[in-house]
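What the coordinates show
Each chain, letter by letter, is given below.
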Amino acid sequence: MSSNEVLPQGSIRVENLSKSFGGVSAVSDVSLSVPAGTFYGIIGPNGSGKSTLLDCISGVHTSYGGRVHFEDTDISGMALHKIASLGMLRTFQVSRLFENMSVLSNVMVAAPEQEGEGLFSAISGSWRKSQAGHLTRARSLIDHYELTRVEEAYASELSGGQRRLLELARLLMMRPRAVLLDEPFAGVSPVNRARLLKQLHSFSEAGITVLMVEHRLELVEELCDKVGVMAEGKIIAEGAMSDLRQDRAVLSAYLGEFHKDALRM
Amino acid sequence: MSNVNYYLVTLVFFGAVNGLQAIGLDMQFGQAGIFNFAYIVLVAVGAYATGIASIHPAGHSGLGALTYIGGFGWAFPWNMLFGVLATVVFAFILTSIAFRRLRHDYLALTLVTIGSALLLLITNQVNIFNGETGIVGVPGPWQSQLSSSAWYITMGGLALFILAVNAYIFWRIQRAPLGRLFKALREDEILVASLGKNPARVKMTAFLLGAVSAGLAGSLFVLFIGGWGVGGWQPGETFVLFAAVLLGGRGRLTGALLGAFVLYEVFLQGSSLLNIPLAPGILPAVQQLFVGIVLLVVLWLRPAGLLPEHKEKFPGAAATSRGSKRRRIARQPRPALGNMNSAKELSVE
């Protein structure tokens, strides 16, 4: 895929976002800004509210306090499908695929503004003309992610790493300007990790804005321009990963007082 | 026309109407994964609406003390159109109540409940559709102009024609990107939304399409039988339809048609032709039992049905693909109730 297809836009701005579940606060007063085309990482211990934050920004949760902007649009409280159709997409912590559909069908579903998704164009068959273009693009993405060999396999037959690659192929099929990745390396073998890393680098090169939640600090350090550390629903520190390694508050929140050496892998 | 021929034409008629119901339920449940346990209610709406559109107002019908709403005295095809339209409007109202934030299992329970409540209402509130007895004296299309045998053949042909047109349109939809979206919705609603497609719109489209078939089936029923009462839409009817779709192969048009044919024509009709030494009242119960056993055997041995769902075909498939025939058979799609594991999809609002 050529990088000039995606325009360098897609900034994300979160202002004072708070979300609680039945009185239990999951995210409290989080503000962050991801300039267009940059790679922002969120780290933090389990239960610190990282995934909830992503769910609010992406529209899985629609009732929360605070505001979220995507580019110039206020997307606060907007539903998942609306935000996605604006050009900000997400992946899930546990990889989600249409298990009983082929790899190619999984990518084809994602073709944006596809003719033949409406009732009348489906019946009239007018969608067939535009199908070839989508198919070519889907196959080139599948090829780019080295999935051509399994193009006709059911998604449920893929390995953990292939599942993640298919998720990214599907994501790119929709020409996103910003993506939210929830632990993209979960369930990926060390061999595939390098492939995935390379692909995520290409996101930045294509000018796509990325907000990523990830546990593995060496991956965060390699990919992210800026990192926010979450603990107990708040962002307690923000900066380059190399600086955060020295931050005492970060060390104690993330690993407890006695394990600070672990951050210097 | 001999009695046997009457019987055969009647079989064709009911075969076509059952086929209509099966492809309609398959559109909702097989394709889009909506557990509509109230499908037969949609059929009933089509039948009642066509009925009251056809007969004359209560008191002027020459039918004695029937009480019902409407009574427009419209001829075919306007009565049928009214019936289908009423079904679609009813289905639309149902979706706007029941689809709000409800996922598979809750939606199924809600629809069962709505179906039972409506059955009780219609049974007991006699001035809507004449209560338990129901509507009678509905004239069939051209019934007064044709001889008895010609009319039977006409109705059989009409039912087959409507089934063919409906099936063709559904077939086109299911091969289009909309059909792909239905199956995606069946697999994972949140994922569909995360791809920028509105799952509510997709779900409603599938539901209303299924309702059109239900309305047509109900309309044909009432025009052929000449009446419609609560006996025709007991909750059990929906489960036989589910059995037919699962037996034939959910998610595949020809599967639903085959399932309806095998279950209704071969098993249910065939068994009534056998000279079974049982008290006549027991046969229906034995048949129901038989339907249950057939369904269990199918789910056990061929969970994807007699004609399993196709994997979507695209032009110019990669030559090196691993999706060999052997693998495809080895791995049939997930069995019937696979969508019930929706706990992982519950979101907290």
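Residues numbered from 1 in each chain as written. Chains lettered and ligands numbered in written order. Predicted model: local features only at pLDDT ≥ 70, side-chain atom pairs only at ≥ 80, totals over all residues.

1. Section: the overall build of chain A
Applicable threshold: Numbering goes from the N terminus for both helices and strands, where a helix is a DSSP run of H or I of at least four residues and a strand is a run of E of at least two. Taken over C-alpha atoms, the radius of gyration is set against a globule rule of 2.2 Å times the number of residues to the power 0.38.
The helix and strand tally for chain A stands at ten helices and ten strands. Expected size for 265 residues packed as a compact globule is a radius of gyration near 18 Å; at 19 Å, chain A falls within 12% of this value. Along the first, second and third principal axes, the C-alpha set of chain A runs to 65 × 40 × 35 Å.

2. Considerations on the overall build of chain B
Basically, it comes down to this: For the purpose of contact definition, each residue receives a C-beta atom placed from its backbone, and two residues are in contact when these atoms lie within 7 Å.
Regarding its fold elements, chain B presents 13 helices and zero strands. When the helices and strands of chain B are listed from N to C terminus, the series reads α-α-α-α-α-α-α-α-α-α-α-α-α. If you take every contact in chain B between residues at least 6 apart in sequence, the share linking residues at least 24 apart comes to 78%.

3. Some words on the nonpolar core
The condition that has to hold: Structurally, a nonpolar core is described as a collection of buried Ala, Val, Leu, Ile, Met, Phe, Trp, Tyr and Cys residues joined by way of C-beta atoms within 7 Å. For the exposure call, what matters is how many other C-beta atoms sit within 10 Å of a residue's own: 20 or more marks it buried, 12 or fewer exposed, and in between partly exposed, using C-beta atoms placed from the backbone. Reported domain spans reflect what an automatic or database domain assignment gives.
Formed by 181 residues in total, the largest nonpolar core has its most connected members in Val107 and Ala169 of chain A together with Ala244 of chain B. Considering each element in turn, this core owes the most residues, 14 residues, to helix α9 (residues 199–225) of chain B. Counting only domains with at least three residues in this core, you end up with domain 1 (3–97 + 160–263) and domain 2 (100–157) of chain A. The residues touching valine 107 of chain A, leaving out its near neighbours within four places in the chain, are Ala138, Leu141, Ile142, Ala169, Arg170 and Met173 of chain A.

4. Structural notes on unusual backbone geometry
The step from phenylalanine 76 of chain B to proline 77 of chain B runs through a cis peptide bond, and the omega angle for that step is 5°. Located in the positive-phi region is arginine 175 of chain A, a residue other than glycine, with phi close to 50°. Structurally, arginine 175 of chain A is set in the loop between α6 (160–173) and β7 (178–182). Of note, the phi angle at asparagine 130 of chain B is positive, near 60°, even though the residue is not glycine.

5. Here's the deal with α9 of chain B
Residue and element names in this part refer to chain B. Applicable threshold: In this analysis, the expected span of each helix is defined as 1.5 Å times one less than the number of residues it contains.
The end-to-end C-alpha separation of α9 is 39 Å, in line with the 39 Å expected for 27 residues at 1.5 Å each. Of all 27 residues that make up α9, 22 are buried, and the element is covered over most of its length. Positive phi appears at glycine 226, one or two residues downstream of α9, with a value of about 90°.

6. A few points about the packing of helix α1 (residues 3–31) of chain B against helix α6 (residues 148–175) of chain B
Two measures define how a pair of helices packs: the angle their axes make with one another and the distance between the axes. Residue and element names in this part refer to chain B. What counts here: In this analysis, axes come from line fits to C-alpha atoms, helices being fitted only over the stretch in contact, and the angle between any two N-to-C directions falls in the range 0 to 180 degrees. Convention used here: angles under 35 degrees read as roughly parallel, angles over 145 as roughly antiparallel, angles from 65 to 115 as roughly perpendicular, and any remaining angle as oblique. Note on convention: the crossing is left-handed when the near helix lies turned anticlockwise from the far helix by less than a right angle, right-handed when the turn is clockwise.
Their axes nearest at 9 Å, the elements α1 and α6 cross at an angle of 20°. Relative to α6, the element α1 is oriented roughly parallel. In this structure, α1 meets α6 at a crossing whose hand is left-handed. Here Tyr6, Val9, Val12, Phe13, Ala16, Val17, Gly19, Leu20, Ile23, Met27 and Gln31 of α1 lie close against α6, whose contacting residues are Tyr152, Ile153, Met155, Gly156, Ala159, Leu160, Ile162, Leu163, Asn166, Ala167, Phe170 and Gln174.

7. Description of the interface of chain B and chain A
Here is the rule: Note that Gly is not counted as nonpolar here; it falls among the polar residues with everything else outside the nonpolar set of Ala, Val, Leu, Ile, Met, Phe, Trp, Tyr, Cys and Pro and the charged set of Asp, Glu, Lys and Arg.
Each partner contributes to the interface: chain B provides 36 residues, whereas chain A provides 38 residues. For the side of chain B that touches chain A, the elements supplying multiple residues, two or more each, are α6, α7 (177–187), α8 (189–194) and α9 of chain B. Among the elements that line the side of chain B that touches chain A, the one with the most residues is α7 of chain B, at seven residues. Per-class residue counts for the side of chain B that touches chain A are 16 nonpolar, eight polar and twelve charged.

8. Section: the packing of α6 of chain B against α9 of chain B
All names here are of chain B. Put simply, α6 and α9 touch, their axes get as near as 11 Å, and they point 180° apart. By the angle between their directions, the pair α6 and α9 is classed as roughly antiparallel. Contact with α6, carried on its side by Met155, Ala159, Ile162 and Asn166, involves Ser213, Leu216, Leu220 and Phe224 of α9 and no other residues of that element. Of the residues belonging to the contact of α6 with α9, the class tally is six nonpolar, two polar and no charged.

9. Structural notes on the domain arrangement of chain A
All names here are of chain A. With domains assigned, chain A is organised as domain 1 (3–97 + 160–263) and domain 2 (100–157). Taking only C-alpha atoms, the centre of domain 1 and the centre of domain 2 are 27 Å apart. The interface of domain 1 with domain 2 comprises twelve residues on the first partner and 14 residues on the second. No other element matches the eight residues that α6 contributes to the side of domain 1 that touches domain 2. Residue composition of the side of domain 1 that touches domain 2, by class: eight nonpolar, two polar and two charged.

10. Quick word on the sheet that holds strand β4 (residues 65–70) of chain A
Residues and elements named next belong to chain A. What counts here: Two strands pair if DSSP finds at least two bridges between them.
Taken in spatial order, the four strands make up an open sheet running β2-β1-β4-β5, and their pairing is antiparallel. Whereas interior strands pair on both sides, the edge strands pair on one side only; in this sheet they are β2 (24–34) and β5 (73–74). Across two bridges, the pairing between β4 and β5 is antiparallel. Along β5, the bridge assignment pairs histidine 69 with aspartate 74. Against the sheet, helix α1 (residues 50–58) contacts β1 (12–21), β2 and β4, and its axis sits at roughly 115° relative to β1.

11. A word on α6 of chain A
Residue and element names in this part refer to chain A. Helix length check: α6 (14 residues) gives 20 Å between terminal C-alpha atoms against 20 Å at 1.5 Å per residue, within 8%. α6 sits mainly inside the fold: twelve of its 14 residues count as buried. For α6, the set of buried residues is Gln162, Arg163, Arg164, Leu165, Leu166, Glu167, Leu168, Ala169, Arg170, Leu171, Leu172 and Met173. Contacts made by the buried residues of α6 are with β6 (88–90), α3 (103–109), α5 (128–144), β7 and α7 (190–205). In the segment just after α6, arginine 175 is the residue with positive phi, at about 50°.

12. Comments concerning the sheet that holds strand β10 (residues 234–239) of chain A
Across a sheet, paired strands are connected by hydrogen bonds in the backbone, their directions being either parallel or antiparallel. All names here are of chain A. Read from one edge of the open sheet, six strands run β6-β7-β8-β3-β9-β10, paired in mixed fashion. Where the open sheet ends on each side, the last strands, each with one partner, are β6 and β10. On average, adjacent strands in this sheet sit at an angle of 15° to one another, irrespective of strand direction. The pairing of strand β9 (residues 226–231) with β10 spans five bridges and is antiparallel. The residue of β10 that forms the bridge with valine 229 is alanine 237.

13. Structural notes on the pairing of β4 of chain A
Bridging between β1 of chain A and β4 of chain A involves five bridges; their strand directions are antiparallel. The residue of β4 of chain A that forms the bridge with valine 14 of chain A is valine 68 of chain A.

14. A few points about the pairing of strand β8 (residues 209–213) of chain A
All names here are of chain A. β8 sits mainly inside the fold: five of its five residues count as buried. Of the two faces of β8, the one carrying Thr209, Leu211 and Val213 and the one carrying Val210 and Met212 are both buried. Across four bridges, the pairing between strand β3 (residues 39–43) and β8 is parallel. For tyrosine 40, the partnering residue across the bridge sits in β8 and is leucine 211. Note: β7 against β8, five bridges, orientation parallel.

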